[in-house]
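# Understanding the architecture of this molecule
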Amino acid sequence: MTDTPTMERTELQSETVSNEGTVSEDLTSPQRNQEEEENTNKANVCDNPNSTNDVKAVGTLKEKEDTENDVTTNESASVGCHGDQVPEKEGGDGERSSAAGTSGDLDPYAYAKDGKYTTENFKIEVRNLPRYAGFSQFKKRMVNQGLTPHKVKIIQRDNIAFVAFRCEEDRQKALEVLNSHVWKGCSLSASKSNPAADPLVKKRKEREESGAGSSQKRARGNDEDDEDLPVKDRLLLAVTPLWNVPYEEQLKQKTESQKVVLGKLSRAIENVNPGLGSWVVQQRKQYDNMCCKLEDITPSPILNNYRNKNEFNVGISPEGKEKTIGFRLGRYRGGSCTVVNPYDCPNLPETAKDMVRIFQTYLEQSTRSGYDTEKHQGHWKQVTVRTTQGSEVMVMVQFNVQDLPEEEIDKEKQLLLDYFSTGPGKDCGITSLFFQAHKQRRPGDEEASYQLILGKEFIQEKLLGMTFRISPDAFFQVNTLAAEVLYCTVADWCDFTENSTVLDVCCGTGTIGLTLAKHVKKVIGVELCQQAVEDAKVNADVNGIQNAEFLCGKAEDILPDLVRRLHGTELVAVVDPPRAGLHTRVISVLRKCSNLTKLVYVSCNSQSAMPNFIDLCRPTSNKYKGAAFRPVRAVPVDLFPHTRHSELIIQFERTQAT
């Protein structure tokens, strides 16, 4: 299912916007935003339920790696599929360094002055953009002028854009080219822009100056101060905000949330496609202002201990204990980096909690310090635990190598191996132990690979009577039993025949496609993560499936040739993308495929996927050449009890003409 600090919209209105303007990564969302939205724990919450970008923080969610929570345009959203890791922020995993001390010592811009690399130091502000200039238009305009923008943020209401480049040479070239450049009758002006303020340090400075001290705000954006609550309650509110709400009421809240989405979609379709206007009006009358029927939410078969993947941060506890493993109590931009052990979280399996306990013991005896997200110092950064319904346990340890020589890194790996093979941890039940030598990355650098230290290279899980191999990077739904319910619903809604070909977009390890394979002629899966594709191929072999094919790459690159090859076939599409949704080019290709008459969209964040829903329903145009789709029915499926999140399945059917 991932950077630089983001700026509050109110700050954008200030005259000193160049000091505060933020840029969002081109085609990906900032990792810090993901950590913040995932909250503290990215764990849970679908929190995004599934991200492997898993939004890194704590416990990930849909592991669909990738993207901001409130995406307004998928053209700037991650185009990767489940296994796609969102690049971390330059300057040290997206965490900013800051000075400690009194408010007078706190410097929100220290991260840009400490010598570490950040593209915020190579940012420009462009003014006088044409009205309604969009991200893609502006980016294409710059590329056509020979520029190489790294991040772009457009403030449409002010006709301003912030653009970050990878180096000073690229920035200088942009200033020369864009100054006085005429676009749609508008003469642009470009100037250097200061880095954005570190949101954590800025928030702390504001609190201290206002006399609020270091009080923490509630993790999910609540303004009320919860510092007087017991730490346990603060943790539960951050990780499982509905933990004390009866389950029936949780389901009602999630249903109402999806009703709002379908209501917005009905109005959006009416606005963008007048040809569907009369149909939308009738649908809204029949379905309580929604664009289609919303069937009763499907509850999770299991309410507690369901998360099979959890990412735990290493940090300082509220009591000041260093190298604490657990979840964050708040978001970075809210001024909180404290970490609490996860033992009270109801959605975690006991095995995952046991792994935290054993690694907590290990880190306490280690001579290496924990990673400081503010100062970029220290080493132990994250512990990710994947479990199965059986007895298999995979643990991935992320270690920030800093400037350690290779022999010192090898020594740490050997110490881990000794502890868990012959030492106190030998009987803890780990079947796969990986080490990731993490380091500060620059644009274009790949994520450090996982190095197997002990055990097998993968774990195996049972789902709907089938066996699935799961590698460290691969996407797999975090609630296995609820995923079975989800996939059965998808199968029912595909309306396929034995002659159908199923196109599984963002297929991960192949779970959806392979569970459908025995009912159709062929399954073709598309996935960005290479390891996930390898797992999918193995999973097909293990389960004796010979009519499945899996392709690795960006969906928007693979699909054009693929749909041409499939012309004339009876085609059904299933898309299960990261929370930000599909790239608009993917939607364009699916629209153009005339033999694709049914599409089932599985969304872990229906608000963020709204642009996709709307684009599927737009009238025929140069960009969207095929006839429009329209939503026929929808159903929420709860994969994340005790959180506010649920999956939403929408069945789309092609209209005859629009």
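As a starting point, this report considers the structure included with it. (Residues numbered from 1 in each chain as written. Predicted model: local features only at pLDDT ≥ 70, side-chain atom pairs only at ≥ 80, totals over all residues. Heavy atoms only, no water.)

### Quick look at the environment of Ala 196
Where we set the bar: Only runs of H or I of at least four residues qualify as helices and only runs of E of at least two qualify as strands under DSSP, and these elements are numbered from the N terminus. With a 1.4 Å probe rolled over the protein chains alone, any residue whose accessible area is under 20% of its type maximum counts as buried; one over 50% counts as exposed, and the rest are partly exposed.
Relative to the elements of secondary structure, Ala 196 occurs in the loop between strand S7 (189-193) and helix H6 (199-209). The exposure class of Ala 196 is buried, given its relative accessible area of 1%. The spacing of Ala 196 and Tyr 109 is 87 residues in sequence and 7.3 Å in space, taken between C-alpha atoms.

### Observations concerning the nonpolar core
One recurring pattern in soluble globular proteins: nonpolar side chains tend to sit buried together. Put simply, the rule is: Buried Ala, Val, Leu, Ile, Met, Phe, Trp, Tyr and Cys residues that are joined via side-chain atoms within 4.5 Å together make up what is termed a nonpolar core.
Ranked by size, the top nonpolar core spans 47 residues in total, and within it Leu 503, Leu 559, Leu 582, Leu 590, Leu 599, Tyr 601 and Phe 652 carry the most contacts. Grouped together as the second largest cluster of nonpolar side chains are 43 residues, Phe 476, Val 490, Val 502 and Leu 639 included.

### Digging into the pattern of salt bridges
The cut-off we apply is this: Put simply, a salt bridge is a Lys or Arg side-chain nitrogen that is within 4 Å of an Asp or Glu carboxyl oxygen.
Tallied over the full model, the rule gives 22 salt bridges. The partner of Glu 364 in a salt bridge is Lys 321, with the nearest N and O atoms 2.8 Å apart. Pair noted here: Glu 364 is in helix H10 (residues 350-365) and Lys 321 is in the loop between strand S9 (309-315) and strand S10 (324-328), with a separation of 43 residues, a long-range link. Judged by its relative accessible area of 44%, Glu 364 falls in the partly exposed class. When the shortest N-O distance is used, the salt bridge between Lys 413 and Asp 410 registers 3.4 Å.

### Some details on helix H17 (residues 610-617)
Structural remark: α-helix, 3.6 residues per turn; residues separated by three or four positions point the same way. What counts, and what does not: Note on definitions: a residue-residue contact is assigned when non-hydrogen atoms from the two residues lie within 4.5 Å.
Here H17 lies mainly inside the structure; eight of its eight residues are buried. Every buried residue of H17 is accounted for by Met 610, Pro 611, Asn 612, Phe 613, Ile 614, Asp 615, Leu 616 and Cys 617. Looking at the buried side of H17, the elements it contacts are helix H8 (247-272), helix H16 (584-592), strand S22 (596-603), strand S23 (629-637) and strand S24 (647-654).

### Digging into helix H12 (residues 480-494)
The cut-off we apply is this: Expected span, for any helix, means 1.5 Å times one less than how many residues it has.
Between its terminal C-alpha atoms H12 stretches 21 Å, which fits the 21 Å expected from 15 residues at 1.5 Å a residue. Buried within H12 we find Thr 480, Ala 482, Ala 483, Leu 486, Tyr 487, Thr 489, Val 490, Ala 491, Trp 493 and Cys 494. Looking at the buried residues of H12, the elements they touch are strand S16 (459-463), helix H13 (511-516), strand S21 (570-575), S22, S23 and S24. Of the residues one or two after H12, Asp 495 is the one with positive phi, at around 50°.

### Regarding the pairing of strand S12 (residues 380-387)
Worth spelling out the cut-off: Should DSSP find at least two bridges between two strands, the strands are regarded as paired.
Of all eight residues in S12, eight are buried; the element is thus mostly enclosed. Relative to strand S13 (residues 393-400), S12 is paired through seven bridges, and the arrangement is antiparallel. Of the residues in S13, the one forming a bridge with Val 383 is Val 397. The antiparallel hairpin formed by S12 and S13 contains five residues in its connecting segment.

### Things to note about the packing of H10 against helix H11 (residues 406-421)
Test applied: Each axis is a line fitted through C-alpha atoms, taken for helices only over the stretch in contact, and angles between the N-to-C directions span 0 to 180 degrees. Here the word oblique covers every angle except those under 35 degrees (roughly parallel), over 145 (roughly antiparallel) and from 65 to 115 (roughly perpendicular). It is the rotation of the near helix from the far one that decides the hand of a crossing: anticlockwise by less than a right angle makes it left-handed, clockwise makes it right-handed. Amino acids outside the nonpolar list (Ala, Val, Leu, Ile, Met, Phe, Trp, Tyr, Cys, Pro) and the charged list (Asp, Glu, Lys, Arg) are all regarded as polar, and Gly is one of them.
At a minimum axis distance of 12 Å, the contact between H10 and H11 shows a crossing angle of 130°. By the angle between their axes, H10 is oblique relative to H11. The element H10 and its partner H11 pack so that their crossing is right-handed. Along its contact with H10, which presents Ile 358, Phe 359, Thr 361, Tyr 362 and Gln 365, the element H11 presents Glu 412, Leu 415, Leu 416, Tyr 419 and Phe 420. Considering only residue class, the contact of H10 with H11 consists of seven nonpolar, two polar and one charged.

### As for the sheet that holds S22
Two orientations exist for strands paired in a sheet by backbone hydrogen bonds: parallel and antiparallel. Ordered in space as S8-S23-S24-S22-S21-S18-S19-S20, the eight strands form an open sheet in which the pairing is mixed. The sheet is open, and its two borders are formed by strand S8 (293-294) and strand S20 (548-552), each paired with just one other strand. With eight bridges joining them, S23 and S24 adopt antiparallel strand pairing. Residue pairing across strands places Val 635 opposite Ile 649, the latter belonging to S24. Packing against the sheet, H12 makes contact with S21, S22, S23 and S24, and its axis sits at approximately 155° to S23.

### Points about the pairing of strand S4 (residues 160-164)
With five of its five residues buried, S4 lies for the most part within the structure. Burial along S4 is two-sided: the face carrying Ile 160, Phe 162 and Ala 164 and the face carrying Ala 161 and Val 163 are both buried. In terms of strand pairing, strand S2 (residues 123-127) meets S4 through four bridges, oriented antiparallel. In the sheet register, Lys 123 faces S4, and the bridge partner there is Ala 164.

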